Amino acid sequence: MRAGHWLIMAAGFALAAGGARADSRAVAILDAGLPLPGSAFEEARAMPLAPGQRLICDTDVDKPRLEPARILEPQSGRGSARVRRCSVFAPAAGGEVWTQAAIATLAGPARLWLVFVEQGAGGRFNLVQVRLSAARDQWDRIAAALGGTLGPGAADGSRYLSWVDSRHETLMFVDGKHPSEFKIVVDDVRLRRLLRSPGALPNPAPALPNSD
(Lines give C-alpha, C1' and ligand atoms only; values in the text may rest on other atoms or scores of the structure.)
Protein backbone atom coordinates (compact mmCIF):
# COMPACT_ATOMS: atom_id res chain seq x y z
CA MET A 1 0.00 0.00 0.00
CA ARG A 2 1.26 3.49 -0.73
CA ALA A 3 3.21 5.21 2.01
CA GLY A 4 0.99 8.29 2.16
CA HIS A 5 -2.15 6.19 2.55
CA TRP A 6 -0.65 4.16 5.40
CA LEU A 7 0.55 7.22 7.27
CA ILE A 8 -2.81 8.96 6.95
CA MET A 9 -4.50 5.79 8.24
CA ALA A 10 -2.11 5.65 11.19
CA ALA A 11 -2.82 9.26 12.10
CA GLY A 12 -6.56 8.63 12.03
CA PHE A 13 -6.25 5.62 14.33
CA ALA A 14 -4.18 7.65 16.78
CA LEU A 15 -6.73 10.44 17.01
CA ALA A 16 -9.43 7.91 17.76
CA ALA A 17 -7.33 6.07 20.31
CA GLY A 18 -6.27 8.62 22.87
CA GLY A 19 -3.07 8.99 24.84
CA ALA A 20 -1.52 5.74 26.04
CA ARG A 21 2.28 5.95 25.98
CA ALA A 22 4.72 4.48 23.48
CA ASP A 23 8.36 4.71 22.48
CA SER A 24 10.83 3.07 20.15
CA ARG A 25 11.26 0.15 22.56
CA ALA A 26 8.36 -1.38 20.64
CA VAL A 27 10.67 -1.97 17.69
CA ALA A 28 13.39 -3.57 19.83
CA ILE A 29 10.80 -5.88 21.39
CA LEU A 30 9.78 -7.15 17.98
CA ASP A 31 13.34 -7.67 16.73
CA ALA A 32 16.52 -6.21 18.19
CA GLY A 33 17.98 -5.98 14.67
CA LEU A 34 15.31 -3.68 13.29
CA PRO A 35 16.26 -0.03 12.70
CA LEU A 36 14.59 2.48 14.98
CA PRO A 37 12.30 5.25 13.74
CA GLY A 38 14.39 8.33 13.13
CA SER A 39 17.39 6.36 11.88
CA ALA A 40 19.31 7.66 8.89
CA PHE A 41 18.65 5.93 5.59
CA GLU A 42 22.19 4.52 5.33
CA GLU A 43 22.10 3.24 8.91
CA ALA A 44 18.76 1.51 8.41
CA ARG A 45 19.94 -0.15 5.22
CA ALA A 46 22.72 -1.84 7.21
CA MET A 47 20.24 -3.89 9.26
CA PRO A 48 21.21 -7.58 9.59
CA LEU A 49 19.33 -10.01 7.35
CA ALA A 50 19.33 -13.74 6.77
CA PRO A 51 21.69 -15.10 4.09
CA GLY A 52 20.32 -14.44 0.62
CA GLN A 53 17.99 -11.66 1.74
CA ARG A 54 18.35 -8.05 0.64
CA LEU A 55 16.67 -4.78 1.59
CA ILE A 56 15.55 -3.22 -1.69
CA CYS A 57 14.14 0.28 -2.06
CA ASP A 58 12.01 1.85 -4.74
CA THR A 59 14.79 4.31 -5.56
CA ASP A 60 17.47 1.63 -6.12
CA VAL A 61 18.82 1.70 -9.66
CA ASP A 62 20.11 -1.89 -9.45
CA LYS A 63 16.87 -3.59 -8.44
CA PRO A 64 16.61 -7.21 -9.59
CA ARG A 65 13.45 -8.35 -11.38
CA LEU A 66 10.71 -8.40 -8.74
CA GLU A 67 7.46 -10.34 -8.52
CA PRO A 68 4.91 -8.88 -8.50
CA ALA A 69 6.50 -6.45 -10.91
CA ARG A 70 4.85 -3.32 -9.47
CA ILE A 71 5.54 -3.99 -5.80
CA LEU A 72 8.22 -1.26 -5.70
CA GLU A 73 7.01 0.83 -8.59
CA PRO A 74 8.02 4.48 -8.09
CA GLN A 75 5.16 6.56 -6.78
CA SER A 76 3.72 9.32 -8.89
CA GLY A 77 2.33 12.61 -7.70
CA ARG A 78 3.44 15.78 -6.00
CA GLY A 79 6.34 15.33 -3.62
CA SER A 80 6.84 11.61 -4.27
CA ALA A 81 10.62 12.13 -4.54
CA ARG A 82 10.64 12.94 -0.82
CA VAL A 83 9.48 9.45 0.17
CA ARG A 84 11.32 6.14 -0.11
CA ARG A 85 9.83 2.69 0.51
CA CYS A 86 11.88 -0.44 1.15
CA SER A 87 11.17 -4.10 1.87
CA VAL A 88 13.11 -7.35 2.23
CA PHE A 89 13.38 -9.65 -0.77
CA ALA A 90 15.07 -12.94 -1.61
CA PRO A 91 15.64 -14.78 -4.91
CA ALA A 92 12.95 -17.26 -5.88
CA ALA A 93 13.70 -20.62 -7.51
CA GLY A 94 16.27 -20.13 -10.23
CA GLY A 95 17.38 -16.77 -8.84
CA GLU A 96 16.20 -14.65 -11.75
CA VAL A 97 13.15 -13.26 -9.95
CA TRP A 98 13.08 -11.91 -6.39
CA THR A 99 10.01 -12.04 -4.15
CA GLN A 100 9.15 -10.42 -0.83
CA ALA A 101 10.68 -12.40 2.03
CA ALA A 102 9.78 -12.73 5.71
CA ILE A 103 12.16 -11.83 8.51
CA ALA A 104 12.30 -13.55 11.90
CA THR A 105 10.57 -11.52 14.65
CA LEU A 106 8.90 -12.07 17.99
CA ALA A 107 5.68 -12.41 15.99
CA GLY A 108 7.21 -15.19 13.90
CA PRO A 109 7.96 -14.75 10.20
CA ALA A 110 6.78 -11.28 9.17
CA ARG A 111 6.96 -9.08 6.09
CA LEU A 112 8.74 -5.78 6.69
CA TRP A 113 8.26 -2.36 5.13
CA LEU A 114 10.38 0.68 5.93
CA VAL A 115 9.25 4.17 4.88
CA PHE A 116 11.69 7.09 4.77
CA VAL A 117 11.08 10.81 4.34
CA GLU A 118 13.49 13.53 3.28
CA GLN A 119 14.38 15.82 6.17
CA GLY A 120 15.72 19.20 5.17
CA ALA A 121 17.72 19.84 2.03
CA GLY A 122 20.48 17.76 0.53
CA GLY A 123 18.78 14.40 0.23
CA ARG A 124 18.99 13.43 3.93
CA PHE A 125 16.38 10.71 4.46
CA ASN A 126 15.28 9.34 7.83
CA LEU A 127 13.11 6.42 8.83
CA VAL A 128 9.57 7.56 9.56
CA GLN A 129 7.75 4.20 9.74
CA VAL A 130 8.49 0.54 10.52
CA ARG A 131 5.68 -1.80 9.50
CA LEU A 132 5.34 -5.56 9.94
CA SER A 133 2.65 -7.96 8.73
CA ALA A 134 2.40 -11.08 10.90
CA ALA A 135 0.12 -14.08 11.31
CA ARG A 136 -3.08 -13.37 13.28
CA ASP A 137 -2.40 -16.21 15.74
CA GLN A 138 0.49 -14.12 17.14
CA TRP A 139 -1.77 -11.23 18.16
CA ASP A 140 -2.07 -12.14 21.86
CA ARG A 141 1.66 -12.75 22.20
CA ILE A 142 2.60 -9.40 20.72
CA ALA A 143 -0.12 -7.51 22.59
CA ALA A 144 1.19 -8.98 25.87
CA ALA A 145 4.82 -8.20 24.99
CA LEU A 146 4.15 -4.60 24.01
CA GLY A 147 1.75 -4.03 26.88
CA GLY A 148 4.24 -5.42 29.38
CA THR A 149 6.79 -2.79 28.36
CA LEU A 150 4.71 0.15 27.16
CA GLY A 151 1.77 -0.22 29.51
CA PRO A 152 -1.91 -0.67 28.65
CA GLY A 153 -2.74 0.40 25.13
CA ALA A 154 -5.82 2.22 23.91
CA ALA A 155 -8.05 -0.55 22.57
CA ASP A 156 -10.98 -1.21 20.30
CA GLY A 157 -11.99 -4.81 20.96
CA SER A 158 -9.53 -7.46 19.81
CA ARG A 159 -8.74 -5.81 16.46
CA TYR A 160 -6.94 -2.61 17.41
CA LEU A 161 -4.43 -1.41 20.02
CA SER A 162 -2.31 1.75 20.15
CA TRP A 163 0.29 3.49 22.26
CA VAL A 164 1.07 7.17 21.60
CA ASP A 165 3.42 9.75 23.07
CA SER A 166 5.00 12.99 21.85
CA ARG A 167 7.60 11.20 19.70
CA HIS A 168 6.37 7.71 18.76
CA GLU A 169 3.16 5.92 17.91
CA THR A 170 2.72 2.16 17.94
CA LEU A 171 -0.32 0.51 16.36
CA MET A 172 -1.57 -3.05 16.15
CA PHE A 173 -4.59 -3.64 13.97
CA VAL A 174 -6.29 -6.21 11.78
CA ASP A 175 -6.57 -5.17 8.16
CA GLY A 176 -9.97 -6.18 6.79
CA LYS A 177 -8.38 -7.06 3.43
CA HIS A 178 -6.11 -9.63 5.10
CA PRO A 179 -8.02 -11.04 8.10
CA SER A 180 -5.50 -13.85 8.63
CA GLU A 181 -2.84 -11.24 9.47
CA PHE A 182 -2.38 -8.18 11.59
CA LYS A 183 -0.19 -5.12 11.16
CA ILE A 184 2.29 -3.65 13.61
CA VAL A 185 3.21 -0.06 12.76
CA VAL A 186 5.69 2.14 14.63
CA ASP A 187 5.99 5.79 13.52
CA ASP A 188 8.18 8.72 14.39
CA VAL A 189 5.39 11.29 14.68
CA ARG A 190 7.69 14.30 14.21
CA LEU A 191 9.00 12.98 10.92
CA ARG A 192 5.48 12.05 9.90
CA ARG A 193 4.57 15.73 9.94
CA LEU A 194 6.94 16.20 7.00
CA LEU A 195 4.70 13.95 4.96
CA ARG A 196 1.80 16.31 5.63
CA SER A 197 3.68 19.45 4.62
CA PRO A 198 2.83 21.09 1.27
CA GLY A 199 4.11 18.99 -1.58
CA ALA A 200 5.07 16.03 0.58
CA LEU A 201 2.29 13.54 -0.01
CA PRO A 202 1.73 11.78 -3.32
CA ASN A 203 -1.69 11.98 -4.91
CA PRO A 204 -4.15 9.35 -3.62
CA ALA A 205 -4.11 6.16 -5.68
CA PRO A 206 -5.22 2.55 -5.32
CA ALA A 207 -2.93 0.25 -3.34
CA LEU A 208 -0.45 -1.80 -5.31
CA PRO A 209 -1.11 -5.54 -5.36
CA ASN A 210 0.66 -7.49 -2.62
CA SER A 211 2.50 -4.39 -1.46
CA ASP A 212 1.71 -4.72 2.24
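Residues take numbers from 1 onward in each chain, read along the sequence in its written order. Only residues with pLDDT of 70 or above have their local features reported here, since the model is predicted, and side-chain atom pairs are shown and tallied only from 80 upward, although totals for entire chains, interfaces and linings are computed over all residues. Hydrogens and waters are ignored; side-chain quantities use all the structure's heavy atoms.

## Structural notes on the pattern of salt bridges
Salt bridge, as used here: a side-chain nitrogen of Lys or Arg that lies within 4 Å of a carboxyl oxygen of Asp or Glu. Taken as a whole and judged by the stated rule, the model has ten salt bridges. Measuring nitrogen to oxygen at the nearest pair gives 3.9 Å for the salt bridge that ties arginine 65 to glutamate 96. Here the residue arginine 65 occupies a position in strand β2 (residues 65–67), and glutamate 96 occupies one in the loop between β3 (83–91) and β4 (97–100), the gap between them amounting to 31 residues. Considered together, arginine 65 and glutamate 96 belong to a single accessibility category, that of exposed residues. Salt-bridge contacts for arginine 192 lead to aspartate 187; the nearest nitrogen and oxygen are separated by 2.8 Å. For arginine 192, a relative accessible area of 6% corresponds to the buried category. The cut-offs for exposure are 20% and 50% of the maximum accessible area for each residue type, with area from a 1.4 Å probe on protein chains only; residues under the lower value are buried, those over the upper are exposed, and the others partly exposed. For aspartate 187, a relative accessible area of 0% puts it in the buried group. The network of salt bridges with shared partners includes Arg111, Glu181 and Lys183. By definition, any uninterrupted DSSP run of H or I lasting at least four residues is a helix, any uninterrupted run of E lasting at least two residues is a strand, and each is numbered from the N terminus.

## Structural notes on the pairing of strand β6 (residues 108–118)
Of all eleven residues that make up β6, nine are buried, and the element is covered over most of its length. If DSSP finds at least two bridges between two strands, the strands pair. Relative to β6, β3 runs antiparallel, the two sharing five bridges. Bridge pairing in β6 links cysteine 86 to leucine 114. In the sheet, strand β5 (residues 102–105) pairs with β6 via four bridges, with the strands oriented antiparallel. Bridge pairing in β6 places isoleucine 103 opposite alanine 110.

## What to know about the pairing of strand β11 (residues 181–188)
In terms of residue burial, β11 counts as a mostly covered element, since eight of its eight residues are buried. The two faces of β11 match: Glu181, Lys183, Val185 and Asp187 on one face and Phe182, Ile184, Val186 and Asp188 on the other face are all buried. Note that strand β7 (residues 125–135) and β11 share seven bridges and pair antiparallel. Directly across from arginine 131, in β11, lies its bridge partner valine 185. In this sheet, β11 lies alongside strand β10 (residues 168–173) in antiparallel orientation, the contact comprising six bridges. Looking across to β11, one finds that leucine 171 is bridged to valine 185.

## Here we look at the confidence of the model for the protein
In the predicted model, the protein carries a mean pLDDT of 82, and 77% of its residues have values of at least 70. For every residue, the predictor states its confidence as a pLDDT score lying anywhere from 0 to 100. Looking at the elements of the protein, mean pLDDT is at its lowest for helix α1 (residues 3–17), recorded as 41, and at its highest for β5, recorded as 97. Every residue in residues 1–22 scores below 50 in pLDDT, and together they form 65 contacts with partners more than four places removed in sequence or on other chains. By definition, residues are in contact when any of their heavy atoms lie within 4.5 Å. Here residues 198–211 scores under 50 on pLDDT; set against residues more than four positions off or in separate chains, the count is 38 contacts.

## Some points on the packing of aromatic side chains
The rule is short: rings of Phe, Tyr and Trp, with Trp giving its six-membered ring, pair when the centres are within 6.5 Å, and they are stacked under 30 degrees, edge-to-face over 60, tilted in between. Inspection of every chain in the model, using the stated rule, returns two aromatic pairs. When the centroid spacing of 4.9 Å and the interplanar angle of 80 degrees are considered together, the rings of phenylalanine 41 and phenylalanine 116 count as edge-to-face. In this pair, phenylalanine 41 is assigned in helix α3 (residues 41–45) and phenylalanine 116 in strand β6, connecting sequence segments 75 residues apart. Here phenylalanine 41 and phenylalanine 116 have matching classes, each one buried. Remark: a charge is flagged as sitting over a ring if the NZ atom of Lys or the CZ atom of Arg is within 6 Å of the ring centre and within 35 degrees of the ring normal. Residue placement shows arginine 54 over the ring face of tryptophan 98; its charged tip is 6.0 Å from the ring centre. Across the ring face of phenylalanine 41, the terminal group of arginine 84 is positioned such that the distance to the ring centre comes to 4.6 Å.

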